[in-house]
Number of protein chains: 2
Amino acid sequence: MARLRGAQVHVGELTGEGKVPWGLLGDALHSVKPDLFFCVHVDTSTGTMVPVHEVLEFVRNASPYTLSVVDTVASAGNVPLHLEGLADYAFTASQKGLSAPAGLAPIALSARGFSHARPASWYGDLTRIWEFWERGKYHHTPAVSLIEALERATARVLEEGIPRREKRSREAYAFLREALRGDFDFPPEEVAAPTVAVLFPKREPPEAVLARLEASGFRVAPGIGPTAGKAVRVGLFGSQAEAVQDLAEVLLGVGA
Amino acid sequence: MARLRGAQVHVGELTGEGKVPWGLLGDALHSVKPDLFFCVHVDTSTGTMVPVHEVLEFVRNASPYTLSVVDTVASAGNVPLHLEGLADYAFTASQKGLSAPAGLAPIALSARGFSHARPASWYGDLTRIWEFWERGKYHHTPAVSLIEALERATARVLEEGIPRREKRSREAYAFLREALRGDFDFPPEEVAAPTVAVLFPKREPPEAVLARLEASGFRVAPGIGPTAGKAVRVGLFGSQAEAVQDLAEVLLGVGA
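Residues numbered from 1 in each chain as written. Chains lettered and ligands numbered in written order. Predicted model: local features only at pLDDT ≥ 70, side-chain atom pairs only at ≥ 80, totals over all residues. Heavy atoms only, no water.

A. Expanded view of the packing of helix α6 (residues 162-179) of chain A against helix α8 (residues 244-252) of chain A. All names here are of chain A. α8 packs onto α6 with a crossing angle of 25 degrees between their chain directions and a minimal axis gap of 10 Å. One way to sum up the angle between α6 and α8 is to call them roughly parallel. In this structure, α6 meets α8 at a crossing whose hand is right-handed. Side by side, α6 and α8 meet where A172, F175, L176 and A179 of the first sit next to V244, Q245, L247, A248, L251 and L252 of the second. Split by residue class, the contact of α6 with α8 holds nine nonpolar, one polar and no charged. (Axes fitted to C-alpha atoms, helices over the stretch in contact; angles between N-to-C directions. Helix = DSSP H or I, 4+ residues; strand = E, 2+ residues; numbered from the N terminus. Parallel < 35°, antiparallel > 145°, perpendicular 65-115°, else oblique. Left-handed = near helix turned anticlockwise from the far one by under 90°. Contact = heavy atoms within 4.5 Å. Nonpolar A, V, L, I, M, F, W, Y, C, P; charged D, E, K, R; others polar.)

This is how it looks when you write it as structure tokens:
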């Protein structure tokens with residue numbers, strides 16, 4: 001997306017064990033002095049979680065004028081997030097950790113981020129969107145039904161509380177890890193995201209597992225990027241964590 | 001929107017009576033030779049309808065290499081539209097003539113329009129969207145619930161048929177015109193859009209009418225642009241036309 005807008009992009013990757021390469025990150029910040037730093041909180045392709053608060057603090061210290069953007073798509077609403085003073089722009093998706101219908105992208109923006117916003121298009125014009133939401137100026141007809149659904153879903157998230165939701169995802173993941181140990185490999189426990197379980201089948205191709213899940217009414221994603229053709233990816237957001245026992249049976253092919 | 005993307009914009013307006021200024025349009029096409037011609041089908045600010053098929057044919061004859069874009073927001077699903085061979089891009093909104101929830105913008109694109117499409121942003125990249133819809137490549141997570149609702153709403157439109165839907169809107173409008181004659185002015189009958197009745201109150205300010213409608217549970221728009229502060233605007237799309245008798249009573253203040 002950044003290249004599409006003409007940006008020069010420098011990509012840094014986690015180590016093979018899913019750790020942050022702090023030395024390389026520091027060197028890159030000093031040599032490139034980027035206008036914008038982007039990182040994901042949960043990498044859904046590998047099911048690993050980046051220690052995003054430490055990373056953002058590191059970036060802010062090493063390069064104070066760099067704007068930071070963080071993708072919290074597979075984390076917001078399910079794990080703790082304290083981005084004030086650390087990130088300039090964060091976004092998520094309604095259908096993941098917030099357990100609302102798909103179609104909305106809730107965002108958070110710092111005052112500094114807002115002052116740097118330049119419109120790429122009418123619908124990407126944050127100044128107009130701000131005037132629409134805060135001052136009642138007309139900008140677009142919003143997706144009313146989705147916004148109402150998001151409001152209710154968010155109220156449920158706040159009611160349950162992030163700690164309890166995180167615990168629920170972690171327990172579901174721990175259950176899967178234990179139940180599937182003989183048949184699937186997992187990412188290292190210390191970097192695994194509690195919200196996206198990436199499972200590598202040991203004895204059968206991922207397609208066979210996906211077909212079994214599909215036939216049993218489970219909608220589970222195939223591997224993507226580095227895990228394409230190698231894994232299946234199970235979302236353990238909010239209420240989805242409840243189905244984990246039935247899911248484990250289908251994953252193991254019990255009774256099939 | 002076009003200026004935001006760096007386009008040089010030449011604006012032509014309808015005459016005071018809502019007619020197309022054919023001579024001026026022809027002159028402008030010959031002198032400017034525009035890359036893109038844009039027109040609305042229904043101008044919702046004044047409640048007038050442009051003879052869009054004639055206009056598009058005129059443009060295609062006068063300037064064959066000009067791409068044509070038509071806004072069918074307040075017409076598609078309620079009045080006949082035959083844009084094949086006439087327009088390169090047309091768009092509408094789910095919540096108007098199609099009577100579906102707000103949040104989607106159905107579009108139609110000619111092969112020529114598609115070949116000229118250049119991405120302004122990731123989400124405005126029609127090539128990627130085409131690959132997503134037609135070839136199953138991943139582009140974004142769609143608003144599933146809105147798409148399902150649109151599918152059902154569109155099926156109802158097709159079941160009823162455009163001629164009957166148009167008749168329903170026209171009859172509702174004719175009823176309003178007759179019932180409100182003493183208290184409201186209307187645009188000239190021959191240019192009035194059947195889907196958006198713009199009413200100019202003769203005896204009271206529009207705010208008073210809007211307050212009465214709001215209090216009776218009707219959601220009606222105020223004037224906008226040239227009719228700001230002068231009119232109220234009533235949508236007569238699809239099933240909304242059914243409430244027209246109750247609406248007329250509130251507009252007239254009967255029983256208030």
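B. Seen up close, the sheet that holds strand β7 (residues 184-185) of chain B. Residues and elements named next belong to chain B. Spatially, four strands are ordered β7-β8-β10-β9 in an open sheet, and the strand pairing comes out antiparallel. The outermost strands of the open sheet, each flanked by one partner alone, are β7 and β9 (221-222). Here β7 runs beside strand β8 (residues 196-201); their pairing, made up of two bridges, is antiparallel. Along β8, the bridge assignment pairs F184 with P201. (Pairing = 2+ DSSP bridges.)

C. Representation of the interface of chain A and chain B in the model. With 19 residues of chain A at the interface, the matching set in chain B holds 19 residues. Buried area between chain A and chain B, both sides added, is near 1,400 Å², and the carbon and sulfur share of it is 72%. By the criterion of area lost to chain B, the three top residues of chain A are M1, L4 and W122 of chain A, representing 34% of everything that side buries. At the boundary of chain A with chain B, the tally comes to one residue pair in polar contact (both at pLDDT 80 or more). The element that contributes the greatest number of residues to the side of chain A that touches chain B is helix α5 (residues 144-160) of chain A, accounting for three residues. Its residues assigned to classes, the side of chain A that touches chain B shows twelve nonpolar, five polar and two charged. (Buried area = accessible area lost by both parts, 1.4 Å probe. Polar contact = N/O pair within 3.5 Å; in protein donor to acceptor, adjacent residues only side chain to side chain.)

D. Quick peek at the packing of aromatic side chains. Using the criterion set out here, one finds twelve aromatic pairs over all chains in the structure. Residues Y173 of chain B and F186 of chain B carry aromatic rings whose centres are separated by 6.0 Å and whose planes lie at 45 degrees to one another, so their mutual orientation is tilted. Taken together, the positions of Y173 of chain B in helix α6 (residues 162-179) and F186 of chain B in the loop between β7 and β8 put the pair 13 residues apart, joining distant regions of the chain. With relative accessibility at 4%, the residue Y173 of chain B sits in the buried group. Residue F186 of chain B is classed as buried on the basis of its relative accessible area, which comes to 16%. Through pairs of rings, three or more aromatic residues link up here, namely F38, Y89 and F91 of chain A. (Phe/Tyr/Trp six-rings, centres within 6.5 Å; stacked < 30°, edge-to-face > 60°. Buried < 20%, exposed > 50% of the residue type's maximum accessible area, 1.4 Å probe, protein only.)

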